[in-house]
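# Per-entry structural report
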Amino acid sequence: MSDSLLEVRGLTKHYPIYGGILMKQVAKVYAASQVTFSLKKGETLGLVGESGCGKSTVGRTLLKLYRPTGGQIFFEGKEITDLSEKEMRPLRQDMQIIFQDPFESLNSRHTVGKILEEPFLVHKVGTPQEREKRIVELLDRVGLPERARHKYPHEFSGGQRQRIGIARAIALRPKLIICDEPVSALDVSIQSQIVNLLLELQKEMNMSYLFIAHDLSVVKHVSDRVAVMYLGKIVELTTAERIYEKAMHPYTKSLLSAIPVPDPTKRAEIQALKGEVPSPRNPPSGCHFHTRCPFAKDVCRTKVPEFKEEATEHFSACHFSQELKDQ
Ligand code: SF4
């Protein structure tokens, strides 16, 4: 665990659903189950899956914005799973999040200057003069002019608001940033600018990113490794290079087939995904993917596939990973 910044072991988040006259628990939403991965210093792990697969829940649960139902979280070797909010406070400097919609996360009644000063005030960092200097530096670093600090979030475009969200996230020089679909709401032309800014900042500050996205094309250029989630579970995890060249899991292969390629015959053999993601309230038995998998056999309906290392640094949860890897 020496060069590991974050270790997540068996992280589980289930939401109870209450009903009836007595408001008893009648069901559960299985948002995330047995999620295990690690993140090294300076590394980016892409976390990918369709909407509702639990990836944002994982990001927020490991920051302790949601209370985990089970599993363990270690940050710099120290277990933080059961820390109280008060105990977490000093660590929050090191663990930040960038949201998909910065408009919702930025206080619309505060100027940008006030928004950017808040992390310094909360963590009692710097004198007023030092904070002012730092705010100007932050704006400059994310590509916004000094006068931006006197304006309000609604006076900016979506891309500029995301720059403000990034400035706030890096204000205290964190070690980890959860990038929760940071470019999904932006125009394609703006997406690459924001991705490039995040990459530059990562290099300068040696930060680790958990980069959440709903398709593999977005994480392709930013990730060192990629984890693919389906209905609350990681189904495949390996290096970015291998996930694009040697994907084993049928779900990953289906996601890959959705990425446009210059040669349309190249991925013709891979079936595109059909149907909707089943409800996480009532996930299918056995392998959760069996209702949509073109390779499903009887065993897939009854037996949960083990998430295991099928090749060096390549984990997959499919009964037939070896047979299907070359298909
Ligand atoms: Fe498909 Fe079966 Fe593998 Fe699940 S275990 S991905 S249903 S082949």
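In this text the structure is predicted, and so the values were computed from the model without any measurement. (Residues numbered from 1 in each chain as written. Predicted model: local features only at pLDDT ≥ 70, side-chain atom pairs only at ≥ 80, totals over all residues. Heavy atoms only, no water.)

Let us now look at the overall build of the protein chain. Per the secondary structure count, the protein chain includes 12 helices and 12 strands. Its C-alpha atoms give the protein chain a radius of gyration of 21 Å, near enough to 20 Å, the size a compact globule of 327 residues would have. For the protein chain, the proportion of its 327 residues judged to be buried stands at 50%. With an accessible surface of roughly 16300 Å², the protein chain has 50% of that area assigned to carbon and sulfur atoms. (Helix = DSSP H or I, 4+ residues; strand = E, 2+ residues; numbered from the N terminus. Rg over C-alpha atoms; globule rule 2.2 N^0.38 Å. Buried < 20%, exposed > 50% of the residue type's maximum accessible area, 1.4 Å probe, protein only. Areas by Shrake-Rupley, 256 points an atom, 1.4 Å probe, with all protein chains shown as cover.)

So, on to the sheet that holds strand S8 (residues 208-213). With mixed pairing, the 8 strands of this open sheet are ordered in space as S6-S7-S8-S3-S9-S10-S12-S11. Each edge of the open sheet carries a strand with a single partner, namely strand S6 (95-98) and strand S11 (308-311). Going from strand to strand, the sheet's axes swing by 25° on average, the running direction of each strand aside. Sheet analysis places strand S7 (residues 176-180) next to S8, joined by 5 bridges and oriented parallel. From the neighbouring strand, Ile 178 faces S8, where its bridge partner is Leu 210. (Pairing = 2+ DSSP bridges. Axes fitted to C-alpha atoms, helices over the stretch in contact; angles between N-to-C directions.)

Around the ligand, the surrounding shell consists of His 249, Pro 250, Cys 287, Phe 289, His 290, Cys 293, Phe 295, Ala 296, Cys 300, Cys 318, His 319 and Phe 320. Class assignment for the residues of the shell around the ligand results in 9 nonpolar, 3 polar and no charged. (Near = heavy atom within 4 Å. Nonpolar A, V, L, I, M, F, W, Y, C, P; charged D, E, K, R; others polar.)

The residue Lys 64 is not glycine, and still its phi comes out positive at about 70°. Considering the arrangement of structural elements, one finds Lys 64 in the loop between helix H1 (55-62) and strand S4 (70-75). Of note in this structure, Asn 206 is not a glycine but carries a positive phi near 50°.

For helix H4 (residues 112-122), the full list of buried residues reads Val 112, Gly 113, Ile 115, Leu 116, Pro 119 and Phe 120. As for H4, its buried residues are in contact with helix H5 (128-141) and helix H6 (158-170). Backbone geometry just downstream of H4 places Lys 124 in the positive-phi region, at approximately 50°. (Contact = heavy atoms within 4.5 Å.)

This part takes up the sheet that holds strand S1 (residues 4-19). Sheet strands pair via backbone hydrogen bonds, and the direction of the pair is either parallel or antiparallel. Pairing is antiparallel in the open sheet, where 4 strands are placed in the order S2-S1-S4-S5. Both edges of this open sheet fall to strand S2 (24-40) and strand S5 (78-79), since each of them pairs with a single strand only. Judged from the 12 bridges that link them, S1 and S2 form a sheet pairing that is antiparallel. Bridge assignment links Pro 16 to a residue of S2, and that residue is Lys 28. Relative to S1, H1 is tilted by about 115°, and along the sheet it contacts S1, S2 and S4.

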